[in-house]
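Structural features, examined
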Amino acid sequence: MDYALDHTDMHLMLSSVFSSTELLTVLAEASRVLQDGRSLLSRLEDLFKVFRTGIRYRDARLTCWFGSVRPGAQRQHFYSPGTRSYPWDNGLTRQVAMGQTIVRQSVTPDPESPGDGVRDHLRQLTAPHVYLGAPIVWGKRLWGVLELRADGTDDLGQPVQEFVTGLLPQLAIAIVAESERLLASSEANVQMLTRPVSNASQTDLATRTPFFSALEYELEEPVPLHTLLTHLLRWTLDETCAEAGSICLVDYERGELVMQVYEGYSSGAFATDALSAHQERISWDVGLAGRAARSGRALLVRDVTQEADLRPMEANVRAELAAPIVLEGVALAVITLDSPRSAAFGEQELGFVSMVCERAARPLYRAMKYQDVLEQSNHLGQVFVSLPMGVALLDTSGRVLRTNPAWATTWGLLENGERDGPVYVSLDLVEALLPRLTDPDQLVAFCNEGQHAPDDVQMFNVRLNDPKQEIHVLSVPTRDSLHQITGRLWAIRDITRERELDQVKNEFVSIVSHELRTPLTSILGYTELLLARDFAPDEQKRFIQTVYDQAEHLSGIVDDLLSISRLESGRMKINCWIVELRQIIAELTNQLGPLEYHRLLIHMADPLPAVYVDRDKIKQVLFNLVTNAIKYSPNGGEIELTVQEIGGKVPRDVLPNDHPDGSWVLVSVRDEGIGIAPEDIPRIGERFYRVDNTNTRRIGGTGLGLNIARSLIELHGGRMWLESVLGQGSTFFFTVPVATDKLRRRDEEN
Ligand code: ADP
C-alpha cells in the first residue's frame, strides 16, 4: 500500500547545508512530531516537512514492515509529497534491508549501458542523484527502511547521516506502535492464518490479477534467457517484499544448480546487481533450493540457521523460500527468496511464488531452447571468425552474405564493409582484384559455372600479380534443412608458399640429379674404358686420377646435402678453439695447389690476433669462397684474400649495421670474374639459389655452398655479405670472433 503525502512547503528548501549541531534542533522537532498522538500518516507528513527545515533533499520514502499475527509481508510505503519524478530503485532498498547498514551512493544514469537487466533500465529513467538509505532495526528485527534522495553531489553527507541515525530509534518506536495498533484491530488476518494454504493463496492471488497479466505479457515477449530471469526475479522480489533472491537453472546430469541471476546479497560472494559473469554451481544436495529442485515442491523455512544442512547465502538471512519452476514433471529452475526477517514469508508468499513458477515454466523452457540455439550460433560464429582460411557464404545469385576476416586479408583487400550495397563475387570481387588478376576471364567463368551448376563442388586456383600470389578456391553448395540449395560456400587458401616450396623441391631434384649425374657419368665412362682394354701406365694413371677427382666431387655434394640437413635440424655442432687463421690459409693454398689461370694474392695484417673458431668449418668456408672465385672468373684474373682486424686501421663502419659488438677479424675474397647483377645480390646465399645465365649454367653447381658457408659463419656469431659489379667481379666478406678470455670462459661454462 502506498501513501502519498500532501504538497510540501517548498519555500522551506534551504540554500545552505546545516551542520551536525544545527541539525540537533531539527532532530528534536522531528522526535516531537513522531511522538504526538495523531495517525502515522499525518505524523510522517509533518516529519518530511520538518526534514526540509534542515536537510536539502529531493524526495524521501519510508518503507515499513508491520509485524502481524500471520507471517508474511505487511509492507507499506510512505512518500514525501510532490517531488517524486523518477521511480525508486527497490534493489537499493533491499540492499539496505539485507545489509542492515546505512548506504550512501551516487546514482548516475548510463545511457550507454546495455539495458539488459531491470536495474539498468531503471537507471536510464533516473536523473543523477545521491541516495541515502538507512535500515530501521530494533530488537534484532528489521522494521523498515528510510530513504532520501538529493540532487547535489555533496548533499546527504555526514551530518545528515548522523541525523538519520539519531532518528532511527524514534521511527522504530512509531512503527512498532503502529504494528500493535494494526494487530489489535485486525481480525481478518487471524482468520487467514487458519485457512489451508491453497485457499489462502487463491484469495490473495485474486487481488494480484494485474500483476499476473503484466507478468504473462512480459513472459510472452521473446527475450534472452538472462533478461527473462532478471525480470522474473525482480518482479517476484518486489511483490513478495523479499530482500534478496536468486534464480538457478537445474543441471540434472551433474545434480547441480547453476546460478543465473541474483540480487540483494551484500556480501562479497555476490554482487548486488542481478548480473553475474560467472555462473556459480552449487550441488543440489545442500540448501533449500536443491531440496526444492529434487522434490519439485515449493518450500519455506522460517529460520535457516536452525537447520544444519541449509547454507544461507549470507549470515543475515533468516527466512528462505524456494520454489521450483517445473515443466512436465521436470524442474527447470529454482527461485529462492531470502529475508533477514524470520516472519517475512507466509503461505501467501508460498502460494504466490508457486503460481509465478507455474506461469513462468513454458516461457522459461522456450527461452532456454532459444538460448541453446544462441549459444550454438555464437560458437559457430567464433569458429567462423577465427578460421585462418577465408570463408564467404553466397546466395544463389552469387551475392556475398557473410565473410570472415580472413576472406579480405587472403585476397589482400581492405576490410569487409568498406563498400555499401550488394557484393557479388563475379562482379565486385573480380573488379576489386582486376589490377592483379593474371586472367580475369577465368575467374568470371568459374563464378558463372558455379551458378549454372549449383550442385557441383568446384575447385580453382586464382593467380595474382604484384605481389605474386596463388589462391586456392573451393566452392561447395550449401543447403537448408529441407535440402534445398541456398547458395555456395567459398573457402579460400593462400597457397603461394606451398607453390614456392614445390618449386624449390623441383629445382632441388633437377639440380641435384644433374650435379650427381655429371661426375657419375665420367666415373662410369672411365672405369668402363679401363675395364675394356689395357692402357699405357701413364694414361691409366690419368684415367684413375679423373675417376678419383669425380668421386671426390660426388662425395663433396653428398657432404653438402648432409650439412644442409644438419644445419636445418639444428644438429650442426661447432667445436671452437684458439686458431691462427694464417695456418688455415696455408693449408688451404696447399690443398688448392698451383692455379692455372688465376693469381692468388694473400694479404694478412701483421700482427693478427688469433680467432676463436672451429678450424674445419672455417676452412670449409674459405675453400668455398676461393673455389667460387676461381669458378666464377672463367677468364682468369686476380683473386685477393685479405685478413685484417676490425678497429684501428679498419674502422667498424665497414661492418653491416646489424653486426654484433665485440672484437672481430674480417676476411674478404675478391675476384675479377663475371660478377653478380644488383637484383640477384639479395638472393645469393639462399638455399639452391643460382644466378641463371649462360655463364653459370655452363659452370654448374648446386647453390648449396654459400648457404652452408653463411650458416656456419652465423653459428660462430659472425656475418657474411658481399659486394659485386656485374662483369667486373665480386668480393665476399665474413667475420670471425677474436679469441678473447671471455669467449673461452663462456664456452667452458657451457
Ligand atoms: P654453386 O656455386 O654450387 O652454384 P654457391 O652457393 O657456392 O653454389 O653459389 C651460389 C650462386 O652464387 C652461384 O650459383 C653463383 O650464381 C653465385 N656466385 C657465388 N660466388 C660467386 C662469385 N664469386 N662470382 C659470381 N657469382 C657467384
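Figured I'd write up the structure that's included with this text. (Residues numbered from 1 in each chain as written. Predicted model: local features only at pLDDT ≥ 70, side-chain atom pairs only at ≥ 80, totals over all residues. Heavy atoms only, no water.)

For the rest of this paragraph, the subject is the overall build of the protein. Looking only at helices and strands, the protein has 21 helices and 24 strands in total. Each of the 750 residues in the protein was classed as buried or not, and the buried ones make up 45%. Long-range contacts, defined here as pairs at least 24 residues apart, represent 65% of the contacts in the protein between residues at least 6 apart. Roughly 38700 Å² of accessible area belongs to the protein as shown, and the carbon and sulfur atoms make up 52% of that amount. (Helix = DSSP H or I, 4+ residues; strand = E, 2+ residues; numbered from the N terminus. Buried < 20%, exposed > 50% of the residue type's maximum accessible area, 1.4 Å probe, protein only. Contact = heavy atoms within 4.5 Å. Areas by Shrake-Rupley, 256 points an atom, 1.4 Å probe, with all protein chains shown as cover.)

Turning next to helix α11 (residues 347-386). Relative to the 58 Å expected for 40 residues at 1.5 Å per residue, α11 spans 54 Å between its end C-alpha atoms, a close match to the ideal helical length. The largest bend along α11 measures about 45 degrees and falls at A361, with the proline P363 one to four residues further on. (Expected span 1.5 Å × (residues − 1). Bend = angle between axes of the 7 residues up to and from the residue.)

This paragraph deals with unusual backbone geometry. A cis amide bond links D466 to the next residue, P467, at an omega of 0 degrees. Position of P467 among the secondary structure elements: in the loop between β15 (458-464) and β16 (469-479). With an omega dihedral of 5 degrees, the bond running from D606 to P607 counts as a cis peptide bond. When you line up the elements, P607 lands in the loop between β19 (598-604) and β20 (611-613). The residue D466 is not glycine, and still its phi comes out positive at about 60 degrees.

Attention now moves to the site of the ligand. Contacts to the ligand come from 20 residues, most closely from N628, Y632, D671, R690 and L706. Y632 is positioned such that a nitrogen or oxygen atom in its side chain is 2.7 Å from an oxygen atom of the ligand. Here a nitrogen atom of the ligand sits 3.4 Å away from a polar atom, N or O, in the side chain of S730. Coverage of the ligand by the protein amounts to 97% of the 530 Å² it exposes when considered alone. Considering each element in turn, the shell around the ligand owes the most residues, three residues, to helix α18 (residues 615-631). (Near = heavy atom within 4 Å. Polar contact = N/O pair within 3.5 Å; in protein donor to acceptor, adjacent residues only side chain to side chain.)

As for its position among the elements, W88 is in the loop between β3 (75-79) and α3 (90-99). On the basis of relative accessible area, W88 is assigned to the buried category, the value being 7%.

Quick look at the sheet that holds β15 now. The antiparallel open sheet is built from five strands, whose spatial order is β14-β13-β17-β16-β15. Every interior strand has two partners, whereas the edge strands, β14 (400-403) and β15, have only one. For this sheet, the mean angle separating the axes of adjacent strands, direction not counted, is 25 degrees. Note that strand β13 (residues 390-395) and β14 share three bridges and pair antiparallel. Looking at the pairing, A392 lines up with T403 of β14. Taken strand by strand, helix α14 (residues 440-452) contacts β15, β16 and β17 (485-494), and its axis lies near 160 degrees from that of β15. (Pairing = 2+ DSSP bridges. Axes fitted to C-alpha atoms, helices over the stretch in contact; angles between N-to-C directions.)

Here the focus is the pairing of strand β22 (residues 664-670). Of all seven residues in β22, six are buried; the element is thus mostly enclosed. Of the strand pairs in this sheet, β22 and strand β24 (residues 729-737) are connected by seven bridges, and their pairing is antiparallel. Residue pairing for β24: L666 is matched across the bridge by T735.

By the definition in use, this model includes eleven aromatic pairs. Measuring from ring centre to ring centre gives 5.1 Å for Y526 and F543, while their planes differ by 50 degrees; the resulting arrangement is tilted. Here Y526, found in helix α15 (residues 496-532), pairs with F543, found in helix α16 (residues 537-569); they are 17 residues apart in sequence, far enough to count as distant. F543 gets classed as buried once you look at its relative accessible area, which sits at 8%. Members of the aromatic cluster, each reached through a chain of ring pairs, are W407, W411, F446, F460 and W490. Sitting over the face of the ring of Y57, R52 holds its NZ or CZ atom 4.0 Å from the ring centroid. A cation sits over an aromatic face here: R149 above W88, 3.8 Å from the ring centre. (Phe/Tyr/Trp six-rings, centres within 6.5 Å; stacked < 30°, edge-to-face > 60°. Lys NZ or Arg CZ within 6 Å of the ring centre and 35° of its normal.)

A few words on the sheet that holds strand β8 (residues 256-263). Ordered by their spatial adjacency, six strands build an open sheet running β9-β8-β7-β12-β11-β10, and the pairing between neighbours is antiparallel. Both edges of this open sheet fall to β9 (281-283) and β10 (299-301), since each of them pairs with a single strand only. On average, adjacent strands in this sheet sit at an angle of 25 degrees to one another, irrespective of strand direction. Relative to β8, strand β7 (residues 244-251) runs antiparallel, the two sharing seven bridges. By the bridge assignment for β8, C248 is matched with M259. Lying over the sheet, α11 contacts β7, β10, β11 (319-327) and β12 (330-339), oriented at roughly 40 degrees with respect to β11.

The next thing to look at is the nonpolar core. Counting 41 residues, the largest nonpolar core has L581, F734 and V736 as the members making the most contacts within it. Here this core takes six residues from α18, the largest share from any one element. Other than its neighbours up to four places away in sequence, V736 contacts L581, V611, V613, I618, S663, W664, V665 and I713. Counting 37 residues, the second-largest nonpolar core is a separate cluster that includes A30, L40, I55 and F66. (Core = buried A, V, L, I, M, F, W, Y, C linked by side-chain atoms within 4.5 Å.)

We now examine the side chain of N707. Note that N707 resides in helix α20 (residues 705-715). Assessed through its relative accessible area of 8%, N707 is described here as buried. In contact with N707, not counting residues within four places along its chain, are I564, G685, E686 and R687.

Our next topic: the packing of helix α9 (residues 225-240) against α11. The interhelical angle for the contact between α9 and α11, taken along N-to-C directions, is 170 degrees, at an axis separation of 10 Å. Classified by the interaxial angle, the pair formed by α9 and α11 is roughly antiparallel. Residue-level inspection shows L225, L228, L229, L232, T236, E239 and T240 of α9 in contact with α11, the latter providing E349, F352, V353, V356, A360, P363, L364, A367, M368 and Q371. Split into classes, the residues belonging to the contact of α9 with α11 amount to twelve nonpolar, three polar and two charged. (Parallel < 35°, antiparallel > 145°, perpendicular 65-115°, else oblique. Nonpolar A, V, L, I, M, F, W, Y, C, P; charged D, E, K, R; others polar.)

Our next topic: the pattern of salt bridges. In this structure the tally under the stated criterion is 36 salt bridges. Residue R281 is joined to D251 by a salt bridge in which the shortest nitrogen-to-oxygen separation is 3.0 Å. Note that R281 is positioned in strand β9 and D251 in strand β7, a separation of 30 residues in sequence. Exposure remark for D251: the relative accessible area of 17% places this residue in the buried category. Close ionic contact of R687 with E568 constitutes a salt bridge, the shortest N to O distance being 2.5 Å. (Salt bridge = Lys/Arg side-chain N within 4 Å of Asp/Glu carboxyl O.)

One ladder, built from six bridges, connects strand β23 (residues 720-725) with β24; its direction is antiparallel. If you follow E723 over to β24, its bridge partner there is T731. Count of turn residues in the β23/β24 antiparallel hairpin: three residues, of which G727 carries a positive phi of about 85 degrees.

Right, let's get into α15. Here α15 spans 53 Å end to end across 37 residues, near enough to the 54 Å set by a 1.5 Å rise per residue. When α15 is considered as a whole, its buried residues turn out to be T496, I511, V512, E515, P519, S522 and I523. The inward-facing, buried residues of α15 contact β16, β17 and α16.

Following the sequence through the fold, P405 ends up in helix α12 (residues 405-411). Since its relative accessible area comes to 35%, P405 is described here as partly exposed.

Let's shift gears to the packing of α3 against α9. In contact at an axis separation of 11 Å, α3 and α9 are set at 65 degrees when each is read in the N-to-C sense. Of the two possible hands of crossing, α3 and α9 adopt the one that is left-handed. Together, N90, G91 and R94 of α3 and R234, L237 and D238 of α9 make up the contact between the two elements. Taken together, the residues of the contact of α3 with α9 sort by class into one nonpolar, two polar and three charged. (Left-handed = near helix turned anticlockwise from the far one by under 90°.)

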